[in-house]
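Fold and contact review
Here are the chains, one letter per residue:
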Amino acid sequence: MKIVILERNSVGADMSADCISELGEVTVYDNTVTLEEVRDRVRDADIVIANKSPLREETLKDAPNVKLICEFATGYDNCDLDYCKSRGIKVANVRDYCTAMVAQHTFTMALALSQKLFHYDAYVKSGAYSAQDRFSNFDLPFCELEGKTWGIVGMGNIGRRVAKIAEAFGCRVVFHSVTGKSSCTEYPRLDKDTLLTECDFLSLHCPLSDLSRDFIDAHALKKMKKTAILLNVARGPVVNNADLYEALESGEIAAAGLDVVEKEPLTPDNPLSRCKDSVKLIITPHLAWASVEARRRCVEEAYLNIAAYLRGEDRNIVNP
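Residues numbered from 1 in each chain as written. Predicted model: local features only at pLDDT ≥ 70, side-chain atom pairs only at ≥ 80, totals over all residues. Heavy atoms only, no water.

**Considerations on the packing of helix 4 (residues 99-114) against helix 7 (residues 157-168)**
Axis separation between helix 4 and helix 7 bottoms out at 9 Å; the angle between their running directions is 50 degrees. Put simply, helix 4 runs oblique to helix 7. In this structure, the crossing between helix 4 and helix 7 has a hand that is right-handed. Mapping the contact onto sequence places T99, A100, V102, A103, T106 and F107 in helix 4 and N157, I158, R161, V162, I165 and A166 in helix 7. (Axes fitted to C-alpha atoms, helices over the stretch in contact; angles between N-to-C directions. Helix = DSSP H or I, 4+ residues; strand = E, 2+ residues; numbered from the N terminus. Parallel < 35°, antiparallel > 145°, perpendicular 65-115°, else oblique. Left-handed = near helix turned anticlockwise from the far one by under 90°. Contact = heavy atoms within 4.5 Å.)

**Considerations on the side chain of N305**
Summarising the element assignment, N305 is placed in helix 11 (residues 292-310). Polar contacts involving the side chain of N305 include one to the side chain of R315, which spans 2.8 Å. In this view, N305 contacts C70, A92, N93, V94, R315 and N316; residues no more than four positions away in its chain are not counted. (Polar contact = N/O pair within 3.5 Å; in protein donor to acceptor, adjacent residues only side chain to side chain.)

**With respect to the sheet that holds strand 2 (residues 25-28)**
Strand order in the open sheet formed by five strands is 2-1-3-4-5, and the pairing between neighbours is parallel. What marks the edges here is a single partner per strand, and that holds for strand 2 and strand 5 (90-92). Strand-to-strand twist in this sheet, taken as the mean axis angle between neighbours without regard to direction, amounts to 20 degrees. Judged from the four bridges that link them, strand 1 (residues 2-5) and strand 2 form a sheet pairing that is parallel. What sits directly across from K2, in strand 2, is E25. Packing of helix 11 onto the sheet brings it into contact with strand 3 (47-50), strand 4 (68-71) and strand 5, and relative to strand 4 it is tilted by some 160 degrees. (Pairing = 2+ DSSP bridges.)

**Digging into the environment of R41**
Secondary-structure assignment places R41 in helix 1 (residues 35-42). Taking the C-alpha atoms as reference points, R41 and L6, separated by 35 residues in sequence, lie 7.6 Å from one another. Setting aside anything within four residues of it in sequence, one finds R41 in contact with V4, L6, Y29, N31 and T32.

**Notes on the sheet that holds strand 7 (residues 172-176)**
A sheet is described by the order of its strands in space; here six strands give the open sequence 7-6-8-9-10-11, paired in parallel fashion. Two strands lie at the open edges of the sheet, namely strand 7 and strand 11 (281-283), each paired on one side alone. Strand-to-strand, the axes of this sheet are offset by a mean angle of 15 degrees, without reference to chain direction. When strand 6 (residues 149-153) meets strand 7, the two strands line up parallel, connected through five bridges. In the strand pairing of strand 7, W150 is matched with V173. Those strands touched by helix 10 (residues 241-250) are strand 9 (229-232), strand 10 (255-258) and strand 11, and its axis lies near 145 degrees from that of strand 10.

Below is the structure:
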């Protein structure tokens, strides 16, 4: 089997992927960006391992041998599933490998924003604390999570983990189902407007789809509490970035923590790039999934997906 890894660096150069070589003849590319690169590099492949590279008719039509696409990720919106199915190409993703880390990062941002940690750290390091004549300083009010309402959009594995942690902090947990098909019965399910108006914290964990694109826009932000904190660890386009910028600048909501933005990496024309106030906005570079442990599991799971396929078994196939 000829296996092509299009985006080796997506799991980190520090993470070994040598196990893949046990399964076939492997060609490795650190990164693959353009359509032309994808087309040329998959031409002779039997199995393609990718993350963000676009895999659809225009990049796969000249690759007659491709039988399996394995994602170094849970998301697979880079693949045209209908086209792949029409060609008999199976697509496998990696599931539940970064749940713990994404949930942890959600609360890392929530706690940093709600407790104004960047402000107080800067206050001490500026010398202002050493210069004052009292033992404490709390000029920016901060709040407890206990007793607050934590809303979740996307009650999958990550959403459920976040819900349990929020409960441990003493939050009331509620959720909204974008598709209306959630099987979750452990927490109250609210319509969108009620969710927006009631939540003190709102964390997004839903896949990107036509239903979730721009889920948080100007209209939604106007309904939220002025003290609310928004957290997006889902996909960038779930939040309209321009509308969020205006809401933060005008004080419609208190703060936002983002691990994803509409176009990645963050572009200079994204208005959020102009906000330098870390009390109001934290943006991390799409790393919520990327702990050492999670990246190791990602590679191992991709290996197991391919090994299963070679045995004639379907494992984590998203387009059966």
